[in-house]
Amino acid sequence: MERIGIYGGTFNPPHIGHLQAAKQAVRALGLSKLLLVPAYAPPHKAVLPEHSPTARQRLEMLRIAAAGCPQIAVSDMELRREGISYSCETVKAMKAQFPGAELVLLMGTDMFLSFDTWMHPEEIVKNASLGVFYRGDKGEQPAIAKKKAEMEAQGVTVYLVRNEVIPISSTQMRRLLAFRCAGEFLPEGVLDYIRENRLYDTRAAWKNLPMEALEPIVISLLNPNRVRHVLGCRDTAVALAKRWSADVNDAARAGILHDITKAIDGPLQLTLCDAYGKLLDDFSKRYPRTLHALTGSMVAQRIFGENENVVSAIEFHTTGRANMSLLEKIIYVADYMEPNRDFPGVEQLRELAFTDLDAALKLGLEMTLEHLKEQGAEVSPASRDALAWLNR
């Protein structure tokens, strides 16, 4: 019996993770064909991010990505149907198109574990088997095994496909495209299409924007759960700048931009550094999750055209350094004590910040070093240098 895979998604944009997963499914499941099916509007996110490509542009990018893969084809079924793209309707239509084939609907772990909440899941499993991409993380293994057993007891065929591809999402891809460093994660020809059609802010002119234009762009690139902190840091930095006679505009811009690359995963921080030609010290290579300050400073300079005072304040807002400038001190302290922070000692830090900025900076560094010591984590050499400088 012919076995055909169905792999749906928004593919916004399609990246090598999608293509590698598709190829793995073909091999692991012995598929004679795999159909990539871009959704018109998926149920779990019926509204795509603002300024997304049109449905036809997503389709064209996917066709470019799949070119040269003889067992992988692209179906525009859901785009022609328009409206919310329910898998039950797609699988039913595919069954009519390939009546003698075993269909395998492919999905990720999260989708599999929430399968019962889908529209008419009973109709899906009547017409198709399920193929589940999993990474083998210890936390997910018991949940997957339990769900698989439950479904097989109901007569559903469930295949597990070990997902060994690059762990990158389309959301991360859109950020990397905005930061001009996504090329290595896109199938051949896709980046050219994106640039030619001015998609994903690849041709955006973001340098030297006024504050009212800068803020919404920055917010769109943050994780939603980070926005309150960033706005709090901005407001606190402005208040401290007024108190200590620093440049208020620079403080606001450094505050809003200080976590601009925070949403990028640790390994991808290294990619950004490589793309920008930045050589890293040993500490940074060992702890890529700490790199958002450095990469944020590079993005602030290259993408947003910020001045050196703002750039350096962003670069050292997590570690500090010896001989810190006034703005560097302000952003470090503002990040530490903004109104959404809540930890023992933060009220003392807030009082000191408006009476003795160096004392507040020293307290913040001491608390950080103590916290890292309790965790058994290594301390940045820059933080040790900063504390030694303050204690001189």
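Refer to the structure printed above.
Computed from a prediction, not measured in an experiment: that's the story for all the values here.

1. A few points about the packing of aromatic side chains
Right, on to step 1. Using the criterion set out here, one finds 7 aromatic pairs in the structure.
Right, on to step 2. Between Tyr7 and Phe11 the ring centres are 5.7 Å apart and the planes differ by 75°, which places this aromatic pair in the edge-to-face class. Just as Tyr7 is buried, Phe11 falls in that class too.
Right, on to step 3. Here Tyr7 and Phe133 contribute two aromatic rings whose centre-to-centre distance is 5.6 Å and whose plane-to-plane angle is 50°, an arrangement assigned as tilted. In this pair, Tyr7 sits in strand E1 (residues 3–9) while Phe133 sits in strand E5 (residues 129–134), placing the two residues 126 residues apart along the sequence. There is no split in this pair, since Tyr7 and Phe133 are both buried.

2. Side note on the packing of helix H12 (residues 248–257) against helix H16 (residues 308–315)
Right, on to step 1. Between H12 and H16, whose axes approach to 9 Å, the crossing angle comes to 40°. With respect to each other, H12 and H16 are oriented oblique. Here the hand of the crossing between H12 and H16 comes out right-handed. Within the contact between the two elements, H12 uses Asp250, Arg253, Ala254 and Leu257 and H16 uses Asn309, Val310, Ala313 and Ile314.
Right, on to step 2. Classifying every residue of the contact of H12 with H16 gives 5 nonpolar, 1 polar and 2 charged.

3. Considerations on the pattern of salt bridges
Right, on to step 1. All chains considered together, the criterion is met by 16 salt bridges.
Right, on to step 2. Residue Lys148 pairs with Glu152 through a salt bridge whose shortest N-O separation is 2.6 Å. Of this pair, Lys148 and Glu152 both sit in helix H7 (residues 141–153), separated by 4 residues, roughly a single helical turn.
Right, on to step 3. Looking at Glu152, the relative accessible area reads 36%, which means it is partly exposed.
Right, on to step 4. Across the pair Glu378 and Arg286 runs a salt bridge, and its minimum N-O distance is 2.7 Å. A residue pair is termed long-range when its members are at least 10 positions apart, and Glu378 in the loop between helix H19 (357–375) and helix H20 (381–390) and Arg286 in helix H14 (residues 282–286) qualify at 92 residues.

4. Notes on the side chain of Thr109
Right, on to step 1. Within the fold, Thr109 resides in helix H5 (residues 109–113).
Right, on to step 2. Only 3.0 Å separates the side chain of Thr109 from the backbone oxygen of Phe133, close enough to count as a polar contact.
Right, on to step 3. A distance of 3.4 Å separates a polar atom in the side chain of Thr109 from a polar atom in the side chain of Glu140.
Right, on to step 4. Once residues within four sequence positions are removed from consideration, Thr109 is found in contact with Val132, Phe133, Tyr134, Glu140 and Ile144.

5. Concerning the pairing of E5
Looking along a regular strand, one sees the side chains alternate between the two faces of the sheet.
Right, on to step 1. The element E5 is extensively covered by neighbouring structure, given that 5 of its 6 residues are classed as buried.
Right, on to step 2. Bridge count between strand E4 (residues 102–108) and E5: 5 bridges; the pairing is parallel. Directly across from Leu106, in E5, lies its bridge partner Gly131.
Right, on to step 3. Across 5 bridges, E5 lies against strand E6 (residues 158–162) in parallel orientation. Bridged to Val132 within E6 is Leu160.

6. Some words on the side chain of His292
Right, on to step 1. Assignment of secondary structure puts His292 in helix H15 (residues 292–302).
Right, on to step 2. Looking at His292, the relative accessible area reads 6%, which means it is buried.
Right, on to step 3. Beyond its immediate stretch of four places on either side in the chain, His292 contacts His258, Asp259, Thr261, Lys262, Gln269, His317 and Thr318.

Basis of the calculations
- Residues numbered from 1 in each chain as written.
- Predicted model: local features only at pLDDT ≥ 70, side-chain atom pairs only at ≥ 80, totals over all residues.
- Heavy atoms only, no water.
- Phe/Tyr/Trp six-rings, centres within 6.5 Å; stacked < 30°, edge-to-face > 60°.
- Buried < 20%, exposed > 50% of the residue type's maximum accessible area, 1.4 Å probe, protein only.
- Helix = DSSP H or I, 4+ residues; strand = E, 2+ residues; numbered from the N terminus.
- Axes fitted to C-alpha atoms, helices over the stretch in contact; angles between N-to-C directions.
- Parallel < 35°, antiparallel > 145°, perpendicular 65-115°, else oblique.
- Left-handed = near helix turned anticlockwise from the far one by under 90°.
- Contact = heavy atoms within 4.5 Å.
- Nonpolar A, V, L, I, M, F, W, Y, C, P; charged D, E, K, R; others polar.
- Salt bridge = Lys/Arg side-chain N within 4 Å of Asp/Glu carboxyl O.
- Polar contact = N/O pair within 3.5 Å; in protein donor to acceptor, adjacent residues only side chain to side chain.
- Pairing = 2+ DSSP bridges.

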